[in-house]
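Topology and contacts: notes
Chain by chain, the residues run as shown.
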Amino acid sequence: MTEDNNRVAFRTCPLCEATCGLEITVSPQNEIVRIRGDQKDVFSKGFICPKGSSLKQLHEDPDRLRMPLVKKDGVHVETTWDEAWRVVRDGLQKVVSTHGRDALATYAGNPNAHNLSSMLYTGNVMRAAGTRYRFSASTVDQMPMHVAAGYTFGSPVSIPVPDLDRTDYLIIVGANPYASNGSLCTAPDFPGRLEAIRARGGKVIVVDPRRTRTAQEADEWLAIRPGTDGLLLAAIAQVLFEENLVTLGEHLDGVVNGVDELRAAVAVFTPEAVEHRTGISARTIRTIARELANAPTAAVYGRIGANTVEFGTTQAWLVFVLNALTGNLDRRGGAMFALPAAGGANTRGTKGKGKGFSVGRGATRVRKLPEVMGEFPVAALAEEILTDGEGQIRALVTMAGNPVLSTPNSQQLDAALESLDFMVSVDMYLNETTRHADVILPPPSQLQRDHFDVLLLQFAVRNVANYSPPVLPLDEGQPDEWEVLAKLAGILQTFDVEIDPQDVDDEILHALITKATEDAASPLHGRDVEEIFNEINALGVEGPARRLDVMLQTGPYGSGYGANSDGVSLKKLLENPHGVDLGPLQPRIPEILRTPSGQVELAHPILLQDLNRLAETLTADIEPFVLVGRRHLKTNNSWMHNVKVLTKGNVSCTLQMNPSDAAQLGISHGGHAHVASRVGEVVVPVEITEDIREGVVSLPHGWGHNVPGTNLKVAAEKAGVNSNILSDHESLDPLSGTSVLNAIPVRVWAATASAAVGS
Ligand SMILES: Nc1nc2c(c(=O)[nH]1)N[C@H]1C(S)=C(S)[C@@H](COP(=O)(O)OP(=O)(O)OC[C@H]3O[C@@H](n4cnc5c(=O)[nH]c(N)nc54)[C@H](O)[C@@H]3O)O[C@H]1N2
Ligand SMILES: Nc1nc2c(c(=O)[nH]1)N[C@H]1C(S)=C(S)[C@@H](COP(=O)(O)OP(=O)(O)OC[C@H]3O[C@@H](n4cnc5c(=O)[nH]c(N)nc54)[C@H](O)[C@@H]3O)O[C@H]1N2
Ligand code: SF4
Ligand SMILES: [Mo]
């Protein structure tokens, strides 16, 4: 309580992977007075970016849905929850009873990863839907990392992160943490941590076709030709072998398979063989390889620009390979694995050995694309809806996703969604995707719910645990997001519209506890289910927090319901609003491994094989123009452009182009250009900048808000164009099914004044 009767609440920011602690001042009337960084947060120590404080404006946004919408005569109107649930039940039941469960599909978007309710309950919705057609934003994002980690370490969530705070040398490939604040590397104040590397005498190298802010602040910028990182990484490996610089380190003695196979497989990728394609000189490649090998500690880190491309999985793997070959895998200052307090699949089961990882349990109907991690490539969603016949998708459930702006060949998907028999969206906005929904079920705002980062703390540069209770109460009659999802799951299973989410949840919790009591490796083994159930209920929390307590208490630091009294539990986290620090990363090999051999498979045959496909690109033609994406610090994928404090100023959707390309095409700064790919064409304003290499143009994704039937008044004022009109649904990383969203071949030409109107 402050002198003006305001209260202060602490909450982890759920907007990006950085998990910053926020200090939120709230008036007695429950108005947000101020949001700033929580100086005492054990991880972020006061850091905040402009998006964090905009949670106030997001909460207050009049366009944010407070009541469900139903579509009547083509127009969305507000309705009661009871009415909305009846329409949901009727719509889903009709499709399932006529066409069966595989006529349903689910799509889960990115904000689920930042939402405790969603992390724990979207799975229940998917299971209850009983369909094989699961899609998510993962196949326009990080799926290559999962697949590479799965083959190499045996579990798709065993993704090593650069030990940012202790490394001496860092190579960043296709990531721009000054804008994104980091991804699959949870590190609040990523920029500050990079600056600290240099301040302690270390070195940072950035590989990116654009001279990003991250590149500007680094020691060196390597302006690579998009899509060719695999060649660069393989060439670095080749130099390491050729110059006898390979040292796995004593700590990996006897636990790594495949080094000899690798040596043979990378032999063709000499620096001289790749320099023409990559645009990076052989001399530079050799220097980097030597520096990487000789640095006291070093790490290579790759993300979106290295993942959402034709060789996404192979590139993700080659990053692991370089860390291993230089002795930096699983070593202090190198690339290490987090040990999360809750939810870590690689903290459960038999340690050191497992079933390994595979894909292809089933395939899509039309293009026969294989299953990966229980889902199909989202690039196949539209054709599965549009192609008539047995097994056609006729109804869709979207949860916190905007695939019309986020996934390839948007125009095709937009048309497909319009043709569905039924669609329901759990979402807070009437936007480009949800405008197709028959019913939209809104969650409460970010400040009205509790939080724990079940997903992202698995990829953190330090082990921490932090739970935030809701800052603000729910609105009158507003169910919490877990209640919406539990009820949706219940309806999907039983088609009973009266089903009580609390009953669904009690059943889920019982099942979770029962499973733990039956698991010989769990501290709950042999314990009484009801006793534990009652102990959890005595905490006085609901929904995901109850499940979280089980996950925490049975996790690697857990108190095990009495087994280890000072261990981590929900109660302990409630007593520590700034989080609990569990220390710097510790080595986890071999315990973390789940490969059948119990070894790190540094040359899994599927990955090794893909080097042949990579080698074919050595002599491929060079496209005159390729398109890449970018992010701005004040945006968040497609959905925060309705927050005015963020989009005012210089945040806008422009085509970045190098001055010499612009001169050749006769395009001037502020003029417009046509950009066309195999599947679509857009007209966009041009921003001429030296900070992009020749032959490359860049357009951010998540724009294109001038669509009829949406209600995003602020976003529509500065609509921009949808860059995914240009990305091709047929262009995938074959190993993971991830879409090629970078290095897209395009044609570019000057637009006449009339073509520019409306862009
Ligand atoms: N060309 C190109 N395309 C890209 C990318 C790229 O770099 N280039 N990046 C890709 C990446 S990395 C990602 S992750 C995807 C994102 O793809 P999506 O996840 O499909 O899209 P988002 O823009 O994150 O949209 C999130 C949706 O969730 C809603 N929402 C926000 N918070 C909540 C919540 O708490 N609960 C609920 N129920 N709804 C909520 C928003 O209103 C919005 O409709 O885009 C991908 N698309
Ligand atoms: N402010 C903000 N923060 C965000 C998001 C956001 O939309 N806005 N989105 C969040 C999400 S969902 C994610 S997944 C993360 C992503 O986080 P990052 O991976 O850091 O993503 P970007 O900032 O898009 O940086 C990707 C970089 O790759 C470069 N690039 C493109 N093609 C290539 C290539 O072929 N090779 C190389 N070497 N580089 C290439 C681009 O120029 C760009 O600078 O950010 C998260 N954080
Ligand atoms: S960096 Fe990410 S987590 Fe931190 S305040 Fe900004 S949006 Fe929130
Ligand atoms: Mo993402």
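The notes below deal with the structure included here. Remember, predicted model here, so these are calculated numbers, not experimental data.

Close to ligand 1 lie 31 residues; Tyr-107, Asn-110, Ser-406, Asp-427 and Ser-638 are nearest. Contacts to ligand 1 include Val-426, whose backbone N or O atom sits 3.0 Å from a nitrogen atom. Contact with the protein chains covers 98% of the free accessible surface of ligand 1, which is 920 Å².

Moving on to the layout of surface pockets. As a volume, the second largest pocket reaches approximately 560 Å³. What lines the second largest pocket is a set of 23 residues, among which Arg-210, Arg-630, Arg-631, His-632 and Gln-656 lie closest to the centre. Mapped onto the lining of the second largest pocket, the elements with two or more residues apiece are helix H6 (177–180) and helix H8 (213–216). Of the residues assigned to the lining of the second largest pocket, the class counts are 6 nonpolar, 10 polar and 7 charged.

Moving on: the sheet that holds strand E10 (residues 203–207). In spatial order, the strands read E11-E10-E9-E13; together these 4 strands make up an open sheet with parallel pairing. In this open sheet, the two strands that pair with only one neighbour each are strand E11 (220–222) and strand E13 (299–302). Mean inter-strand twist for the sheet, computed between neighbouring axes without regard to direction, equals 15°. Bridging between strand E9 (residues 169–173) and E13 involves 4 bridges; their strand directions are parallel.

Of note, Asn-658 is situated in the loop between strand E22 (655–657) and helix H25 (659–665). Spatially, the C-alpha atoms of Asn-658 and Pro-377 are 33 Å apart, while their sequence positions differ by 281 residues. Apart from residues lying up to four places away in sequence, Asn-658 is in contact with Ile-688, Thr-689, Glu-690, Ile-692, Arg-693 and Glu-694. A polar contact of 2.9 Å, which involves the side chain of Asn-658, links it to the backbone nitrogen of Ser-660.

Moving on: the site of ligand 3. By nearness alone, every residue bordering ligand 3 is listed as Cys-13, Leu-15, Cys-16, Ala-18, Thr-19, Cys-20, Ile-48, Cys-49, Lys-51, Gly-52 and Asn-181. Here the shell around ligand 3 is built from residues that sort into 7 nonpolar, 3 polar and 1 charged.

The next point concerns helix H7 (residues 190–199). The set of residues buried in H7 consists of Phe-190, Pro-191, Arg-193, Leu-194 and Ile-197. One side of H7 holds all its buried residues, which, seen down the axis, span an arc of 165°. Close packing links the buried residues of H7 with E9, H6, E10, H8 and E13. Backbone nitrogen of Gly-192 and a side-chain oxygen of the N-cap are separated by 2.9 Å at the start of H7; the cap is Asp-189. Just downstream of H7, Gly-201 is the residue with a positive phi angle, here 95°.

Bringing empty space enclosed by the protein into the picture now. Over the atoms, a rolled probe matching the size of one water molecule traces out where space is still vacant. Applying the stated rule across the entire model yields 8 cavities of 30 Å³ or more. In this model, the largest cavity occupies a volume close to 90 Å³. Lining the largest cavity are 13 residues; nearest its centre among them are Cys-13, Cys-16, Cys-20, Cys-49 and Gly-52. Of the voids in this model, the second largest cavity is the one considered here, and its volume is about 80 Å³. Taken together, the residues that form the lining of the second largest cavity break down as 6 nonpolar, 5 polar and 2 charged.

The rules behind the values
Residues numbered from 1 in each chain as written. Chains lettered and ligands numbered in written order. Predicted model: local features only at pLDDT ≥ 70, side-chain atom pairs only at ≥ 80, totals over all residues. Heavy atoms only, no water. Near = heavy atom within 4 Å. Polar contact = N/O pair within 3.5 Å; in protein donor to acceptor, adjacent residues only side chain to side chain. Areas by Shrake-Rupley, 256 points an atom, 1.4 Å probe, with all protein chains shown as cover. 1 Å grid on protein atoms, 1.4 Å probe; cavity = no way out; pocket = protein on both sides within 12 Å on 5 of 7 lines; lining within 4 Å. Points joined across faces, edges and corners; volume = space filled by probe spheres on them. Helix = DSSP H or I, 4+ residues; strand = E, 2+ residues; numbered from the N terminus. Nonpolar A, V, L, I, M, F, W, Y, C, P; charged D, E, K, R; others polar. Pairing = 2+ DSSP bridges. Axes fitted to C-alpha atoms, helices over the stretch in contact; angles between N-to-C directions. Contact = heavy atoms within 4.5 Å. Buried < 20%, exposed > 50% of the residue type's maximum accessible area, 1.4 Å probe, protein only. Arc of directions from axis to C-beta.

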